[in-house]
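So you can see what is in the structure, the chains are spelled out below.
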Amino acid sequence: MDVIQWQRQHRDHQASMFREGFLDDQFIQLQKLQDETSPDFVIEVITMFFADSENLINNMKQALEQTPVDFRQVDAHVHQYKGSSASVGAARVKNVCVTFRNFCDAQNLEGCARCLQQLQHEYSLLKSNLQHLFGLQQQIQAAGGSIPTIE
Amino acid sequence: MESCNCVEPQLPTDELLMKYQYISDFFIAIAYFSIPLLLIYFVKKSAVFPYRWVLVQFGAFIVLCGATHLINLWTFTMHSRTVAIVMTTAKILTAVVSCATALMLVHIIPDLLSVKTRELFLKNKAAELDREMGLIRTQEETGRHVRMLTHEIRSTLDRHTILKTTLVELGRTLALEECALWMPTRTGLELQLSYTLRQQNPVGYTVPIHHPVINQVFSSNCAVPISPNCPVAKLRPHGGKFMPGEVVAVRVPLLHLSNFQIYDWPEVSTRNYALMVLMLPSDSARQWHEHELELVEVVADQVAVALSHAAILEESMRARDMLMEQNVALDLARREAETAIRTRNDFLAVMNHEMRTPMHATIALSSLLQETELTAEQRLMVETILKSSNLLATLINDVLDLSRLEDGSLQLEEATFNLHSVFREVLNLIKPVASVKKLSLNLQIAADLPAYAIGDEKRLMQTLLNVVGNAVKFSKEGSISITAFVAKPESYSRIPDFHPVPSDSHFYLRVQVKDSGAGINPQDIPKLFTKFAQSQTLATRNPAGSGLGLAICKRFVNLMEGEIWIESEGAGKGCTATFMVKLGIPDQSNESKLPFAPKNTGSHVSTNFAGLKVLVMDDNGISRSVTKGLLMHLGCAVTTVSSSEECLRVVSLEHKVIFMDVCTGLDGYELAVRIHEKFTNRLDRPLIVALTGNTNKVTKEKCMRVGMNGLILKPVSVEKMRGVLSELLERRVLFETL
């Protein structure tokens with residue numbers, strides 16, 4: 001395939017992710033941190049994020065399955081997840097976390113469960129989108145082109 | 001008439017005689033009576049007459065005598081007894097009074113005579129006083145004339161006026177016919193007629209100086225009368241039959257400046273005299289009087305003094321004129337020199353810039369070229385180009401610096417800077433080169449070395465870089481060690497010619513750079529610091545050393561009131577370069593103004609925070625990584641910890657900033673307190689900055705209360721972090737507005 005085509009695809013995909021709110025400004029900041037000393041910074045961080053997300057989501061699920069539910073514990077996890085998602089610029093995930101925390105404060109189990117579901121959903125969406133993006137990136141890099149960055 | 005036994009009968013021929021007697025008696029009586037009257041009248045007229053009593057007596061005597069004679073008139077003819085008795089009484093009284101008077105006169109007459117003597121005496125005295133008065137008057141007159149003359153003479157400092165005035169005034173005062181002044185000629189062998197009173201244009205008449213009369217006049221300081229026939233006196237047109245008036249000549253010493261020794265009166269043994277000749281009018285039969293001669297002598301002295309003053313004044317005016325000329329010339333020369341220097345500086349500046357621009361282009365492009373794909377041969381060529389360009393750039397810098405140093409126009413800057421960071425930067429700059437050569441570098445900074453100092457940071461760095469650079473340059477293998485510490489007073493004495501004065505506001509930084517390289521022959525050591533001197537014992541003809549580097553270092557070090565020297569045990573044994581410089585100790589009170597990092601706060605260059613040691617504490621792995629990545633992107637050296645205990649374990653004075661996430665479960669506040677307890681020196685300890693996503697005031701207040709230095713909100717962009725870091729490091733405090 002054509003490098004230029006891939007680049008275009010990459011650009012479009014990234015733009016749509018921003019449009020749809022999957023990513024926000026923080027992601028751009030991350031991209032800015034990528035330089036000669038850490039050329040795969042973004043991928044590294046996102047990979048870490050994926051691992052961390054899955055871990056946290058599992059913890060949350062377990063915490064919610066306990067009886068009695070320790071909302072403080074759940075809240076702690078959600079808080080962590082919120083922090084992580086904010087750090088990488090996963091906007092939608094972060095927003096869900098905020099709502100999740102409110103439910104935790106209100107000790108609303110149903111609300112929490114619903115949020116958890118939403119969280120998982122958002123996370124998987126984000127993950128697939130990002131993986132697609134990174135795939136395109138790798139192809140472009142392999143072909144010798146450069147990754148277009150969004151201003 | 002038998003009872004009458006007293007009177008003889010009168011003979012008829014005696015009648016004439018009796019008649020005459022009678023008349024005479026009468027007249028005597030009258031005269032006798034008139035005398036006292038006269039006396040009384042005149043005494044009454046005179047105010048003072050001491051002897052009234054005598055007068056009375058005398059008067060009485062005369063009256064009685066007159067009475068006697070009067071009564072005698074009656075005794076010529078027959079007279080009664082009464083008359084006889086009256087006559088007798090009168091006679092008796094007269095006798096008494098006259099005896100008394102006679103006795104009195106014995107006393108009186110000497111007195112009267114003495115009065116006369118006194119009168120004579122007084123008259124004599126009066127005459128004498130008159131004479132003396134006359135003398136004094138003449139003297140005073142003389143004095144007045146002299147004063148007036150002196151005043152006239154001294155009122156001008158012009159030589160000609162002085163002399164002219166002298167002659168005129170003298171002529172007037174003494175009513176002279178002619179007055180002339182003879183000055184010695186340049187040869188000193190003749191006297192030339194310079195000024196005369198009457199003749200307007202002296203003819204330049206000369207007279208040889210060794211005339212006996214002239215010698216006589218010169219040898220005495222009095223006015224000497226000379227003969228009118230003397231050649232100096234032959235000035236008047238000869239008119240013929242008159243008697244020439246008396247002539248007097250006096251010497252006038254011509255004093256020079258050299259005669260006025262300090263503490264001495266001017267020596268009169270100058271041998272340089274002028275002659276003043278004064279002639280009284282002929283036919284006047286006037287003679288030179290004593291006071292006139294005195295006047296002349298005094299005037300001559302005054303003229304001498306006035307002339308010498310005039311000479312001194314002339315001299316000083318001439319000197320002043322000369323000085324003014326010289327001044328003008330010097331000023332001109334100075335301005336020319338300044339222009340020359342300015343031109344040279346302009347030239348240097350322009351050339352410097354002109355030379356540097358292509359230099360930079362070459363260096364930059366060559367280094368970029370190095371990054372691209374090159375064949376080995378090409379790489380070698382590019383490296384050579386780069387090395388040569390660097391060398392040229394260094395040379396240009398050195399030359400400019402040295403010329404400014406020599407000028408004396410280089411002045412060290414005085415600013416507070418971070419001493420420790422100077423060493424670190426130099427190390428960072430040298431590390432690449434050293435590592436290429438496989439040399440190990442180690443830096444040891446003494447614990448008591450202040451972190452901040454006042455001085456010229458740039459030049460200190462330049463010096464250090466030069467010295468360390470040399471160490472690296474001339475070492476092929478081994479290690480380079482740099483030690484920096486505060487020099488103790490005992491160590492000063494070992495250095496020749498170095499007498500530092502320790503004080504409270506300064507300290508001496510001592511830096512020792514030891515290398516295990518080629519070493520230097522001890523004989524070559526003195527040459528090291530001289531410009532452009534190449535050391536021949538260097539096996540490698542290292543063109544990198546133009547010879548200016550150490551000379552410049554030496555200049556800088558000297559400007560910083562220090563010393564630099566190199567010791568080496570010989571070739572192959574390495575060498576130790578040591579320098580001591582004087583740096584100021586910054587005032588503790590303005591620690592808040594102390595710059596933390598090099599002062600290019602305006603530029604957004606990421607090397608701003610090069611090597612800045614930072615600690616990130618966050619228990620969230622993701623955000624930890626992100627923050628770490630962010631800070632590393634800005635060039636910091638980041639250490640990450642994920643718990644308070646780990647943080648306390650790892651934190652050290654090397655970390656300058658601690659980024660602490662306070663919105664997680666870790667108690668950041670407690671940690672801050674513990675860190676403050678651990679590092680009590682406010683100057684050195686790390687700045688603590690809270691990172692939080694919380695936007696409430698409580699968080700901010702909590703941070704401030706535990707003494708954190710700053711608070712920033714997550715998420716942090718690169719720009720924001722950069723700004724935060726620079727502001728933090730500059731002001732040591734940053735609380736973001738929530």
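Residues numbered from 1 in each chain as written. Chains lettered and ligands numbered in written order. Predicted model: local features only at pLDDT ≥ 70, side-chain atom pairs only at ≥ 80, totals over all residues. Heavy atoms only, no water.

1. Digging into the interface of chain B and chain A
Thinking step 1. Counting residues at the interface gives 16 residues for chain B and 17 residues for chain A.
Thinking step 2. For the pair chain B and chain A, the two sides together bury roughly 1400 Å², of which 62% comes from carbon and sulfur.
Thinking step 3. If you sort the residues of chain B by the area they bury against chain A, Ile622, Val626 and His633 of chain B come out on top, with a joint share of 39%.
Thinking step 4. Applying the counting rule to chain B against chain A returns 1 residue pair in polar contact (both at pLDDT 80 or more).
Thinking step 5. Per-element accounting of the side of chain B that touches chain A gives the leading share, 8 residues, to helix α13 (residues 621-633) of chain B.
Thinking step 6. Residues belonging to the side of chain B that touches chain A are distributed by class as follows: 7 nonpolar, 8 polar and 1 charged. (Contact = heavy atoms within 4.5 Å. Buried area = accessible area lost by both parts, 1.4 Å probe. Polar contact = N/O pair within 3.5 Å; in protein donor to acceptor, adjacent residues only side chain to side chain. Helix = DSSP H or I, 4+ residues; strand = E, 2+ residues; numbered from the N terminus. Nonpolar A, V, L, I, M, F, W, Y, C, P; charged D, E, K, R; others polar.)

2. Details of the UniProt feature "binding site: Cu cation" (unreviewed entry) in chain B
Residue and element names in this part refer to chain B.
Thinking step 1. With numbering matched to this structure, UniProt assigns "binding site: Cu cation" (unreviewed entry) to Cys65 and His69.
Thinking step 2. Residue placement: Cys65 occurs in helix α2 (residues 52-75).
Thinking step 3. A relative accessible area of 13% means that Cys65 is categorised as buried.
Thinking step 4. Residues contacting Cys65, with those up to four places away along its chain left out, are Tyr32 and Thr94.
Thinking step 5. On the basis of relative accessible area, His69 is assigned to the partly exposed category, the value being 23%. (UniProt positions renumbered as here; feature names shortened; annotations may be inferred. Buried < 20%, exposed > 50% of the residue type's maximum accessible area, 1.4 Å probe, protein only.)

3. Overview of the pattern of salt bridges
Thinking step 1. If you walk through the whole model with that rule in mind, you get 16 salt bridges over all chains.
Thinking step 2. Two residues, Lys127 of chain A and Glu54 of chain A, come together in a salt bridge whose shortest N-O distance is 2.8 Å. Of this pair, Lys127 of chain A sits in helix α6 (residues 109-142) while Glu54 of chain A is found in helix α3 (residues 41-65), placing the two residues 73 residues apart along the sequence.
Thinking step 3. For Lys127 of chain A, a relative accessible area of 24% translates into the label partly exposed.
Thinking step 4. Here the residues in one salt-bridge network are Asp331, Arg334, Arg335 and Glu338 of chain B, joined through shared partners. (Salt bridge = Lys/Arg side-chain N within 4 Å of Asp/Glu carboxyl O.)

4. Quick word on unusual backbone geometry
Note: most residues except glycine have negative phi, and most peptide bonds are trans.
Residues and elements named next belong to chain A.
Thinking step 1. Of note, the amide linkage connecting Thr67 to Pro68 takes the cis form, showing an omega dihedral of -10°.
Thinking step 2. Tracing the chain through its elements places Pro68 in the loop between α3 and α4 (71-88).
Thinking step 3. Unusually for a residue other than glycine, Gln107 sits at a positive phi of about 55°.
Thinking step 4. Here Gln107 lies in the loop between α5 (91-106) and α6.

5. Quick word on the nonpolar core
Thinking step 1. Grouped together as the largest cluster of nonpolar side chains are 64 residues, with contacts concentrated most on Tyr81, Phe100 and Leu130 of chain A together with Phe659 and Leu725 of chain B.
Thinking step 2. Among the elements that line this core, the one with the most residues is α3 of chain A, at 11 residues.
Thinking step 3. Ignoring any residue separated from it by four or fewer positions in sequence, one finds Phe659 of chain B in contact with Val614, Leu615, Val616, Met617, Leu631, Val689, Leu691, Ile712, Met721 and Leu725 of chain B.
Thinking step 4. Formed by 44 residues, the second largest nonpolar core is a distinct cluster that contains Ala471, Ala484, Ile564 and Ile566 of chain B. (Core = buried A, V, L, I, M, F, W, Y, C linked by side-chain atoms within 4.5 Å.)

6. Considerations on the sheet that holds strand β4 (residues 224-226) of chain B
The pairing of strands in a sheet happens through backbone hydrogen bonds and is either parallel or antiparallel.
Residue and element names in this part refer to chain B.
Thinking step 1. Spatially, the 6 strands line up as an open sheet ordered β3-β2-β1-β6-β5-β4, and their pairing is antiparallel. Strand pairing shows two members of the sheet lacking a second neighbour, β3 (206-208) and β4, which therefore form its edges. The sheet shows a mean angle of 30° between the axes of neighbouring strands, taken without regard to direction.
Thinking step 2. Strand direction decides the pairing type here: strand β2 (residues 190-196) and β3, joined by 3 bridges, are antiparallel. Among the inter-strand pairings, Gln192 is bridged to a residue of β3, identified as Thr206. (Pairing = 2+ DSSP bridges. Axes fitted to C-alpha atoms, helices over the stretch in contact; angles between N-to-C directions.)

7. Details of the state of the cysteines
All names here are of chain A.
Thinking step 1. Per the counting criterion, the structure on display carries 0 disulfides over all chains.
Thinking step 2. Left without a disulfide partner, Cys112 is nearest to the cysteine sulfur of Cys104, which lies 3.8 Å away.
Thinking step 3. Overall, Cys112 belongs to the buried group, its relative accessible area being 0%. (Disulfide = S-S within 2.5 Å.)

8. Focus on the packing of helix α2 (residues 25-32) of chain A against α3 of chain A
Residue and element names in this part refer to chain A.
Thinking step 1. Contact pair α2 / α3: the axes reach a minimum separation of 8 Å and the direction vectors enclose 130°. With respect to α3, the element α2 is oriented oblique. From α2, Phe27, Leu30 and Gln31 reach across to α3, where they touch Phe41, Val42, Val45 and Ile46.
Thinking step 2. Of the residues belonging to the contact of α2 with α3, the class tally is 6 nonpolar, 1 polar and no charged. (Parallel < 35°, antiparallel > 145°, perpendicular 65-115°, else oblique.)

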